[in-house]
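# Results of the structural survey
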4 protein chains.
Amino acid sequence: MARAPVAQLPTKADPAPRGRKRERILDAAIRVFARRGYHGARVSDIAAEAGIAYGLVYHYFKNKDELLDTIFEERWNAFLAVVERIVAGPESSAEKLRAVAALILFAYRRHPDWVKVLVFEIGRSSRFSEPEQIRAVGRLFQAVARIVRAGQESGELREDLDAELACLAFIGALETMITSQVLGVMQLPGAGEDAEAEAVRTVVELFLGGLAPRGRP
Amino acid sequence: MARAPVAQLPTKADPAPRGRKRERILDAAIRVFARRGYHGARVSDIAAEAGIAYGLVYHYFKNKDELLDTIFEERWNAFLAVVERIVAGPESSAEKLRAVAALILFAYRRHPDWVKVLVFEIGRSSRFSEPEQIRAVGRLFQAVARIVRAGQESGELREDLDAELACLAFIGALETMITSQVLGVMQLPGAGEDAEAEAVRTVVELFLGGLAPRGRP
Amino acid sequence: MARAPVAQLPTKADPAPRGRKRERILDAAIRVFARRGYHGARVSDIAAEAGIAYGLVYHYFKNKDELLDTIFEERWNAFLAVVERIVAGPESSAEKLRAVAALILFAYRRHPDWVKVLVFEIGRSSRFSEPEQIRAVGRLFQAVARIVRAGQESGELREDLDAELACLAFIGALETMITSQVLGVMQLPGAGEDAEAEAVRTVVELFLGGLAPRGRP
Amino acid sequence: MARAPVAQLPTKADPAPRGRKRERILDAAIRVFARRGYHGARVSDIAAEAGIAYGLVYHYFKNKDELLDTIFEERWNAFLAVVERIVAGPESSAEKLRAVAALILFAYRRHPDWVKVLVFEIGRSSRFSEPEQIRAVGRLFQAVARIVRAGQESGELREDLDAELACLAFIGALETMITSQVLGVMQLPGAGEDAEAEAVRTVVELFLGGLAPRGRP
DNA sequence: CATGAATGAGCGTTCATTCAT
DNA sequence: GATGAATGAACGCTCATTCAT
């Protein structure tokens, strides 16, 4: 459904038609950043990956930084748009949280490079300290927090926990699951789609029901 | 008690006595890495922070990389030792999880530089891909997973959620809370010790009881 | 005739036209290596001598080592080609040996820097131990040895001396004459062209006729 | 006979008794210079080879340069003394030349490290340009030249070749034979002592009798 | 004598960025 | 638009040398 903006991300099968050099460069940058990290990626690597001369990168982007910024802005905004649409929907809070979890983990399976860059290169260190990017990431937390607050107001969710702290935990749980898959820290149960579904279930169940058996008050 | 190895971390009030240059360098490196990130930190910055000639760094460490590796190994192992002691204790699973959460968030309040380096410079970026470091981090997850599994076996915790997935979520929640504080993504309720206590409560409550009110199955 | 490749070596009078930067760099490197030795030559010296930014050196060559290797390969092969042509000619062995001696000593007078680098920086120490370079130098010895062996087979030269040992002596005599001129160890008779001619005569005469007077058996 | 000064050079079997640190350092330096070249040899390598702390090197020698200079002076002078004794002897010129050739090639077989350092590190490279060292090497040439001149005056050797050029050729032939053995450029006939004897015979025969058969004028 | 911690000049190399073509 | 030659700031690292102990 709302996956259109995500689906337009680069795929080997869709190598961007000639002439759209700018997109070619961005896609190449995502791949190279994912592979070598921002600092390890040379502008010439990106150009080579895009099949162009590296001087051309500077026609479309002011500098290497702007590449990362652009990736972040364009892709993150597209991603946020989907999240906001989920938030604005008529479903229950539980349903919305499940949708957000599924969106994030699905995005990773479909576009691992995209997610790696986001998580490892942007959600990181000094560049991330820039207020603009912090605010952008804050919008994700606020969106999830709105789901939680709405649930609390409607009585669907308990009110004695801070909505913002709770949503930090929610996003953090998802991020760590992705990280562990990227790095192979742990073997997750199942594989591919199955692992993803199980991860979604676990996070949502945990988040809503907790680990303690229901029998205990 | 078990905080001895942690407590000996640098404090402005304790500028390390003469002769312990190696420690001075490591402490300086932690501070500079925390401030500027690994790539942004020049060896000469670290030497200046330690108040020594930069050549001396190479007397004690093979290269800049080894600085980070050493920090990781020495500090992370000290940290893990405390976690393992918690795991081995006689308390209930809930108590142990609370203790781990408190340990992590307390460590951040007391040694923010240490934690920043760990989370931002080691837990991300390519250097983390090295098997040795992945295994080291894996030990943390395994430790927490053991707490969860023990709880599941004793009936204290529900058994229909995968222990490892659950502990990924648990650690992830804590990491994101720290990150959000470092970057100021969100204003957490309270401040200092209070904020920390509230964060611990939220994560543990969420993890154990979930967001859904107890009344609902 | 066959001196084309040699003749294109740098001369102050021929500062190499714009665009042929690679050649400019190699020529500059030869001059600086000759003046200060490989270890004493800074990359920035070479760049300054070539009138370019030192970064450009790395555009054309992988590193400082490759400069020396390239000089060796390109120039040595050009030199060897001339030697091989002499070997293949129809002249007597004595004539060929005289031609080789003249070639070597003439090359030094015309291109002293070239020869200095070859003799002092390449025919030296660790870099010279690389099999590829040893083999390249071996080709010179083999070429001269072929002249000697042919002379022995035709009866022009005596057969009771090993051809390879003999040619080692031949080349060694010439090399030492060059060295003594470079370093001014000894005052050679005559000057410039005359000294060269006398050196050629002495080496060839010695090599063919020996120091002992013909009258003595 | 006159080999005493040479024979006192270091041998694995005679590791210099305790206390004679200065000699230990010099011997170690010779070994390390021979193995890695002057530039490639660190002062700490030499100290390690000598089994002492590297600071001690500076008690006995002003700096690294002085090590090489000392090796050169002490060993070269000892070597020269033997040569001068040969020159002063009552033998024929031919006998003396044979003795010099044998001395040089024998020295290499017995003390290859010593010879390598002399030929590769001192006989080349810029340090050799220092007048003092040039003069020292010049003394060897002058000694051999004196043998030749004496032979010419007594009628034992032909007079139409310049004595100094001739002795350059003589020494050069010997040096190249050593070099070719060090580097393995060529397979010499025989092995060890035999190869050496054959080399001596070839150089002396060549030098005295030439390659052309006696029958031809 | 002996040690090795401490210093810092010096240099090779990388790579983002500019710009003439 | 497109290319890649050209530039040079920046930085990691080596290692000879000094000196307190």
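Please read all numbers here as calculations on a predicted model, not as lab measurements.

## A few points about the protein's contact with DNA strand F
Near DNA strand F there are 30 residues, and of these Tyr60(A), Lys21(C), Tyr54(C), His59(C) and Tyr60(C) occur at the shortest range. Near-protein atoms of DNA strand F (within 4 Å) split between backbone and bases, with sugar and phosphate holding 64%. One of the backbone N or O atoms of Ala53(C) is found 2.9 Å from a phosphate oxygen in DNA strand F. Those elements that place two or more of their residues in the surface near DNA strand F are α4 (54–60) of chain A, α4 (54–60) of chain B together with α4 (54–60) of chain C. Each residue belonging to the surface near DNA strand F can be placed in one class, and the counts come to 18 nonpolar, 6 polar and 6 charged.

## Considering the relation of the copies chain A and chain B
When chain A is fitted to chain B, the best match, at an RMSD of 0.1 Å, comes from turning it 180° and sliding it 0.0 Å along the axis. Such a combination of turn and shift is consistent with a two-fold rotation axis. Residue Gly210(A) of chain A places its C-alpha closer to the rotation axis than any other residue of that unit, at 1.8 Å. Counting the interface residues of chain A, we find that 98% of their copies in chain B are interface residues as well, pointing to one common contact surface.

## As for the interface of chain A and chain B
With 55 residues of chain A in contact, the opposing surface of chain B contributes 55 residues. Carbon and sulfur atoms make up 67% of the surface buried where chain A meets chain B, a total of about 5200 Å² over both sides. When the buried surface of chain A facing chain B is broken down by residue, Leu165(A), Met186(A) and Leu211(A) rank first, second and third, together holding 15% of it. The salt bridge involving Arg158(B) is made with Glu205(A); its shortest N-O contact spans 2.5 Å. For the pair chain A and chain B, the number of links is 15 residue pairs in polar contact (both at pLDDT 80 or more).

## Notes on the domain arrangement of chain A
All names here are of chain A. Each assigned domain of chain A is listed with its residue range as follows: domain 1 (15–61) and domain 2 (65–211). Here the C-alpha centre of domain 2 lies 27 Å away from the C-alpha centre of domain 1. Between domain 1 and domain 2, the contact holds 17 residues from the first and 14 residues from the second. Roughly 1300 Å² is buried in total at the junction of domain 1 and domain 2, and carbon and sulfur atoms are behind 68% of that figure.

## Looking at the interface of chain D and chain C
Counting residues at the interface gives 55 residues for chain D, matched by 54 residues for chain C. Interface area, chain D with chain C, both sides summed: about 5200 Å², of which 67% is carbon and sulfur. Considering only the side of chain D, the residues that lose the most area to chain C are Leu165(D), Met186(D) and Leu211(D), jointly responsible for 15% of the buried surface there. Here chain D and chain C share 2 salt bridges between them. Listing elements by their share of the side of chain D that touches chain C, those giving two or more residues are α7 (112–122), α8 (131–153), α9 (163–183) and α10 (193–209) of chain D. Of the residues forming the side of chain D that touches chain C, the biggest block, 13 residues, is contributed by α9(D).

## A look at the side chain of Thr70(C)
Residues and elements named next belong to chain C. Tracing the chain through its elements places Thr 70 in helix α5 (residues 64–88). Its relative accessible area of 11% is what places Thr 70 among the buried residues. Engagement of the side chain of Thr 70 in a polar contact is seen with the backbone oxygen of Glu 66, the distance being 2.6 Å.

## Some remarks on the environment of Ala102(A)
All names here are of chain A. By the secondary structure assignment, Ala 102 is in helix α6 (residues 93–110). Separated by 16 residues in sequence, Ala 102 and Ile 86 place their C-alpha atoms 11 Å apart. Ala 102 has contacts with Ala 107, Glu 196 and Val 200, leaving out every residue within four places of it along the chain.

## As for the protein's contact with DNA strand E
For DNA strand E, the set of nearby residues contains 31 residues, the closest of which are Lys21(B), Tyr54(B), His59(B), Tyr60(B) and Lys21(D). Atoms of DNA strand E within 4 Å of the protein: sugar and phosphate make up 62%, bases the balance. At 3.0 Å from a phosphate oxygen of DNA strand E is found a side-chain nitrogen or oxygen belonging to Lys64(C). Between a phosphate oxygen of DNA strand E and a side-chain N or O atom of Lys21(D), the distance comes to 2.7 Å.

## Here's the deal with the pattern of salt bridges
Side chains bearing opposite charge may pair, as long as their charged atoms lie close to each other. Overall, the coordinates contain 64 salt bridges over all chains when judged by the stated rule. In this structure, Glu196(A) engages Arg109(A) in a salt bridge whose closest nitrogen and oxygen atoms are separated by 2.3 Å. With a gap of 87 residues between them, Glu196(A) in helix α11 (residues 193–209) and Arg109(A) in helix α6 connect regions that are remote in the sequence. On the basis of relative accessibility, which here comes to 12%, the residue Glu196(A) falls in the buried class. Residue Arg36(B) is joined to Asp45(B) by a salt bridge in which the shortest nitrogen-to-oxygen separation is 3.6 Å. Through salt bridges with shared partners, a single ionic network connects Arg22(A), Glu23(A), Asp27(A), Glu74(A) and Arg75(A).

## As for the side chain of Arg158(A)
With respect to the helices and strands, Arg158(A) occurs in the loop between α9 (131–154) and α10 (163–183). A distance of 2.5 Å separates polar atoms of two side chains, one belonging to Arg158(A) and the other to Glu205(B). Side-chain polar atoms of Arg158(A) contact the backbone oxygen of Gly210(B), separated by 2.8 Å. When residues no more than four places from it in sequence are discounted, the contact partners of Arg158(A) are Gln152(A), Glu205(B), Gly209(B), Gly210(B), Leu211(B), Ala212(B) and Pro213(B).

## Remarks on the packing of helix α6 (residues 93–110) of chain B against helix α9 (residues 163–183) of chain B
Residue and element names in this part refer to chain B. Interhelical geometry of α6 versus α9 gives an angle of 25° and a closest axis separation of 11 Å. With respect to α9, the axis of α6 lies roughly parallel. Seen from above, α6 lies across α9 with right-handed handedness. Residue-level contacts link Leu 97, Val 100, Ala 101, Ile 104, Leu 105 and Tyr 108 of α6 to Phe 170, Ile 171, Leu 174, Ile 178, Gln 181 and Val 182 of α9. The class makeup of the residues in the contact of α6 with α9 is 11 nonpolar, 1 polar and no charged.

Criteria and thresholds
Residues numbered from 1 in each chain as written. Chains lettered and ligands numbered in written order. Predicted model: local features only at pLDDT ≥ 70, side-chain atom pairs only at ≥ 80, totals over all residues. Heavy atoms only, no water. Near = heavy atom within 4 Å. Polar contact = N/O pair within 3.5 Å; in protein donor to acceptor, adjacent residues only side chain to side chain. Helix = DSSP H or I, 4+ residues; strand = E, 2+ residues; numbered from the N terminus. Nonpolar A, V, L, I, M, F, W, Y, C, P; charged D, E, K, R; others polar. Least-squares fit on C-alpha atoms with pLDDT ≥ 70 in both. Contact = heavy atoms within 4.5 Å. Buried area = accessible area lost by both parts, 1.4 Å probe. Salt bridge = Lys/Arg side-chain N within 4 Å of Asp/Glu carboxyl O. Domains from an automatic or database assignment. Buried < 20%, exposed > 50% of the residue type's maximum accessible area, 1.4 Å probe, protein only. Axes fitted to C-alpha atoms, helices over the stretch in contact; angles between N-to-C directions. Parallel < 35°, antiparallel > 145°, perpendicular 65-115°, else oblique. Left-handed = near helix turned anticlockwise from the far one by under 90°.

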